[in-house]
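Each chain is listed here by its residues.
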Amino acid sequence: MSLSFEGRVVLVTGAGGGLGKEYALAFAERGASVVVNDLGADTKGGGKSSAAADKVVEKIRAEGGKAVANYDSVEDGEKLIQAALDTFGRIDVVVNNAGILRDRSFARTSDLDWDLIHRVHLRGSFLVTRAAWNHMKKQKFGRIIMTASAAGIYGNFGQANYSAAKLGLLGLSNTLAIEGSKYNIHCNTIAPVAGSRLTETVMPPDLVAALKPEYVAPMVLWLCHEQCQENGGLFELGAGWIGKLRWERTQGCITRHKNQPMTPEAVRDQWDKVCDFTDSTKPTSVQESLQSIMTVLSKVESGQDVRASPTAGPATVASSSSGIDPMVAVGQKLPPSTFSFSHTQCILYALGVGMSTKDPDHLRFLYEGHPDFSCLPTFGVIPSQAAMMDGGLSAVPGLNIDFTQVLHGEQYLELYKTFPTSGSLTSQASIADVLDKGSGALILLDVNTYSGDELICFNQFSVFVVGAGGFGGKRTSEKAKALVLPPQRAPDAVLVDSTTRDQAALYRLSGDWNPLHIDPGFAAMGGFKAPILHGLCSFGFAARHVLKHFAGNDPSRFKAIKVRFVKPVMPGQSLQTEMWKEGSRVHIQCKVKETGDVVLSGAYVDLHETAQASAGVPQGGLQSELVFAEIGRRIQETGDDLVKKVNAVFGWEITKDGKNAAQWVIDLKNGSGALHPGPYAGKADVTFTVSDEDFMDVVLGKVNPQKAFFSGKLKIRGNVMLSQKLEIILKDHAKL
Ligand code: NAI
């Protein structure tokens, strides 16, 4: 369907010649009633004549169109709009096009040169547009064009006055686009190039003839049509080509430390980083822009790396010769992987980590017909491994590493519900951080595993790449799940279990196919006498020892585990798990009994004090529950962006009748974000305490968060600055 302007009333300023004339003719040809405004001035703004506008009106009428002439200056904005209302009864489209030039080198620019240019271009467009604004608002339709210029966008010798006014129009348009959008008033800015009397002094005649105004007008018509939803855009166009422009911003860099003065030297020393457009962002609003500045405040407060950028999390310095570039790698996502399993895999895994029918209370993990048949909690590492095993890690940009040098350093696993005994799970892995440990690089890989929309577990793999350090990165990360040393006393309990000669051969069937654990030749290349047991197999042994001794083998009591892999274990050796119970945490250390070598250190298992529900969210009867469920869903949809924007963990304590009724964690810092029920193993950056009712009032917009805070209804612990970000979550992510 062709684009019709039947029934629309269009004002084109400066339409007596050049581009404006072309616009007027084109609108009229497509059925618009056109007010052809032109003062009939010379190019410098002098003189006055009705002839220019009249000729255009005559031409339109001769071709059967509707037009009326207006000879006022755009500085009399009201009069131009009145002409439209008097003649045609409404105003739908305003094309601010009138213009003059008073080019001078800057030193010679007089007050008059400056003022005249501003009066016609910037003030004229303001006055005409303001006169039309309320009419457009009332009719809930309006299309406005501002005419800027490449001279404004890029600067041009001898056009200081003109450039300033032209880019002023862009600022005006940016704000009108925001204020007008809810009334279907759209405002866009064009920087055209066309042969006209304004350009004939600077362009050769051939070019003036070739760059026809006809090659600009169709774009103006499109932007002004009701079908066009573009708003707040900036376009360069000419000769039939059209391109769109936007702002681009470097990741930038924080140049000050907590409690220290900011110095010009620090700015100088980080200058390359400030100006490095690698991984640049494209902010599109003041909110987005401010967001990063607010992030800086919290980052500096929390003492994070001074070289960190506000938007990209704690990434570090420039790229390295080793092929590791944290700036590129951190935040990268691996392709999602799916993992389908049945009771067979659960049983195979249980056998793999040494369970046996010799032990009657192991039967619930080994026999699918058992009334309490369950999957071992540490099976949670298996689906997430698939993402890495599929070679996902090797494809990550910025991680150009030698995979023969990769060691599994540490593992953290947290479950959010009891692990199912069958199903299809999806895992999403991302690079949480990359650290420079000198002798090697440490990659933190965060993996969230979902069943449908429900987050089942989170894994953090710490992968050490020998020889890949020294790229100038930071040594520690607040994203890393920390190890914890056991108490000094003798262990509260010790369990010993022997692995079999075939333990690794059995364990690998759960999905870790690395030949190091089966192939003697391969093991020898790695410097081992024989194939070694999987670290995650010892991990499984230790975890089930804790589960047996401190949780009666009830998998729903299992919450999280963290271990460091220190030394290899040979299949056939015995594993001795030493345990210390401290509240809900059981510290563990695992040794090879035969040699006394520590194989798992700094390790712990966190338990729930009571059994947890196996599905859904284990809290009940609260209105806020629905809202959190919705927040959880939305995080899954837009998590990545939110994590970038927010980069914080929010804890929630919801009270009912004065008692603690539920706890939630909105994690917008790790991986691609997640919602967890219950308390959080790590440290929340900020924790809110609020009653179920007051929470709903805030969410429903009855009370704003600041008010709730000042009236004592909302209590905040931790980094108070971060509560600013609450509104992003509640506004966009809690809509019911
Ligand atoms: P033009 O000189 O052919 O047209 C401008 C028209 O505005 C003239 O007819 C003039 O009488 C009228 N005018 C001047 N002051 C006025 C006032 N106070 N009230 C009402 N009308 C007034 O120039 P052209 O090239 O068609 O330019 C149109 C617009 O495009 C201008 O805003 C110009 O700055 C802009 N532009 C043009 C470029 C080009 O390559 N032609 C490049 C970049 C921007």
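Residues numbered from 1 in each chain as written. Predicted model: local features only at pLDDT ≥ 70, side-chain atom pairs only at ≥ 80, totals over all residues. Heavy atoms only, no water.

1. Let's talk about the overall build of the protein
Okay, so step 1: Broken down by element type, the protein carries 22 helices and 23 strands.
Okay, so step 2: In terms of overall dimensions, the protein is more spread out than a globule: its C-alpha atoms have a radius of gyration of 34 Å, far above the 27 Å expected for 736 residues.
Okay, so step 3: Counting all 736 residues of the protein, 54% fall into the buried class.
Okay, so step 4: Considering only contacts within the protein whose residues lie at least 6 apart along the sequence, 71% involve residues at least 24 apart.
Okay, so step 5: Accessible surface for the protein amounts to roughly 32,400 Å². Of this, 53% is attributable to carbon and sulfur atoms.
Okay, so step 6: Treating the 75 positive side-chain charges of the protein as one cloud and the 76 negative ones as another, the clouds have centres 3 Å apart. (Helix = DSSP H or I, 4+ residues; strand = E, 2+ residues; numbered from the N terminus. Rg over C-alpha atoms; globule rule 2.2 N^0.38 Å. Buried < 20%, exposed > 50% of the residue type's maximum accessible area, 1.4 Å probe, protein only. Contact = heavy atoms within 4.5 Å. Areas by Shrake-Rupley, 256 points an atom, 1.4 Å probe, with all protein chains shown as cover. Lys, Arg positive; Asp, Glu negative; His and termini not counted. Charge placed at Lys NZ, Arg CZ, Asp CG, Glu CD.)

2. So, the pairing of strand β5 (residues 142-147)
Okay, so step 1: Taken across its 6 residues, β5 has 6 buried, putting it largely inside the fold.
Okay, so step 2: Neither face of β5 is exposed, since Gly142, Ile144 and Met146 on one face and Arg143, Ile145 and Thr147 on the opposite face are all buried.
Okay, so step 3: Looking at chain direction, strand β4 (residues 93-96) and β5 are connected through 4 bridges and run parallel. The residue bridging Val95 from the neighbouring strand is Ile145, located in β5.
Okay, so step 4: As a crossover connection, the stretch from β4 through helix α4 (residues 111-139) into β5 is right-handed. (Pairing = 2+ DSSP bridges. Right-handed = clockwise from strand over helix to strand, strands pointing away.)

3. Quick look at the packing of aromatic side chains
Okay, so step 1: Under the counting rule described, the total for this entry stands at 15 aromatic pairs.
Okay, so step 2: By way of ring pairs, the aromatic residues Phe339, Phe341, Tyr349, Phe379, Phe419 and Tyr507 are connected into one cluster.
Okay, so step 3: Just above the ring of Phe141 sits the side chain of Arg8; from NZ or CZ to the centre is 3.8 Å. (Phe/Tyr/Trp six-rings, centres within 6.5 Å; stacked < 30°, edge-to-face > 60°. Lys NZ or Arg CZ within 6 Å of the ring centre and 35° of its normal.)

4. A look at α4
Okay, so step 1: If you check α4, its first and last C-alpha atoms are 40 Å apart, about what 29 residues at 1.5 Å a residue would give, namely 42 Å.
Okay, so step 2: Helix geometry: α4 is bent most strongly at Arg119, by close to 40°.
Okay, so step 3: A positive backbone phi angle near 55° is found at Lys140, which sits one or two residues after α4. (Expected span 1.5 Å × (residues − 1). Bend = angle between axes of the 7 residues up to and from the residue.)

5. Notes on the environment of Pro360
Okay, so step 1: Its place among the elements puts Pro360 in the loop between α13 (343-352) and α14 (363-366).
Okay, so step 2: Overall, Pro360 belongs to the exposed group, its relative accessible area being 64%.

6. What about the confidence of the model for the protein?
Okay, so step 1: On average, residues of the protein carry a pLDDT of 88, and 93% of them reach 70 or more.
Okay, so step 2: This stretch, residues 613-619, has a pLDDT under 50; its non-local contacts, to residues over four places away or in other chains, come to 19 contacts. (pLDDT = per-residue confidence, 0-100.)

7. As for the state of the cysteines
Okay, so step 1: Across all of its chains, the model carries 0 disulfides by this definition.
Okay, so step 2: We note that Cys187 lacks a disulfide partner, and the nearest cysteine sulfur, in Cys224, lies 9.5 Å from it.
Okay, so step 3: No disulfide involves Cys275; its sulfur sits 9.9 Å from the nearest other cysteine sulfur, which is in Cys253. (Disulfide = S-S within 2.5 Å.)

8. Focus: the site of the ligand
Okay, so step 1: Within the structure, the ligand sits among 30 residues, and Leu19, Asp38, Asn97, Tyr162 and Ser196 are positioned closest to it.
Okay, so step 2: Residue Ala41 places a main-chain N or O atom 3.5 Å away from an oxygen atom belonging to the ligand.
Okay, so step 3: Contacts to the ligand include Ser196, whose side-chain N or O atom sits 2.4 Å from an oxygen atom.
Okay, so step 4: Starting from 820 Å² of accessible surface for the ligand in isolation, the protein chains cover 96%.
Okay, so step 5: Taken together, the residues that form the shell around the ligand break down as 13 nonpolar, 13 polar and 4 charged. (Near = heavy atom within 4 Å. Polar contact = N/O pair within 3.5 Å; in protein donor to acceptor, adjacent residues only side chain to side chain. Nonpolar A, V, L, I, M, F, W, Y, C, P; charged D, E, K, R; others polar.)

9. Points about unusual backbone geometry
Okay, so step 1: Positive phi, normally seen in glycine, also occurs at Asn184, with a value near 60°.
Okay, so step 2: Counting through the fold element by element, Asn184 comes out in the loop between α6 (160-180) and β6 (185-193).
Okay, so step 3: Backbone geometry places Asp279, a non-glycine residue, at a positive phi of 55°.
Okay, so step 4: Looking at the secondary structure, you find Asp279 in the loop between α10 (271-274) and α11 (286-301).
Okay, so step 5: The exposure class of Asp279 is partly exposed, given its relative accessible area of 33%.

10. Thoughts on the sheet that holds strand β18 (residues 598-607)
Okay, so step 1: With antiparallel pairing, 10 strands are arranged side by side in an open sheet as β9-β11-β12-β13-β10-β15-β18-β17-β16-β14. For this open sheet the edge positions go to β9 (337-341) and β14 (493-498), each flanked by a neighbour on one side alone. Across the sheet, the axes of successive neighbouring strands diverge by a mean angle of 20°, strand direction being ignored.
Okay, so step 2: When strand β16 (residues 574-582) meets strand β17 (residues 585-592), the two strands line up antiparallel, connected through 8 bridges. The residue of β17 that forms the bridge with Glu582 is Arg585.
Okay, so step 3: Sitting on the sheet, helix α18 (residues 535-551) is in contact with β10 (406-415), β14, β15 (558-565), β16, β17 and β18, with an inclination near 50° to β16. (Axes fitted to C-alpha atoms, helices over the stretch in contact; angles between N-to-C directions.)

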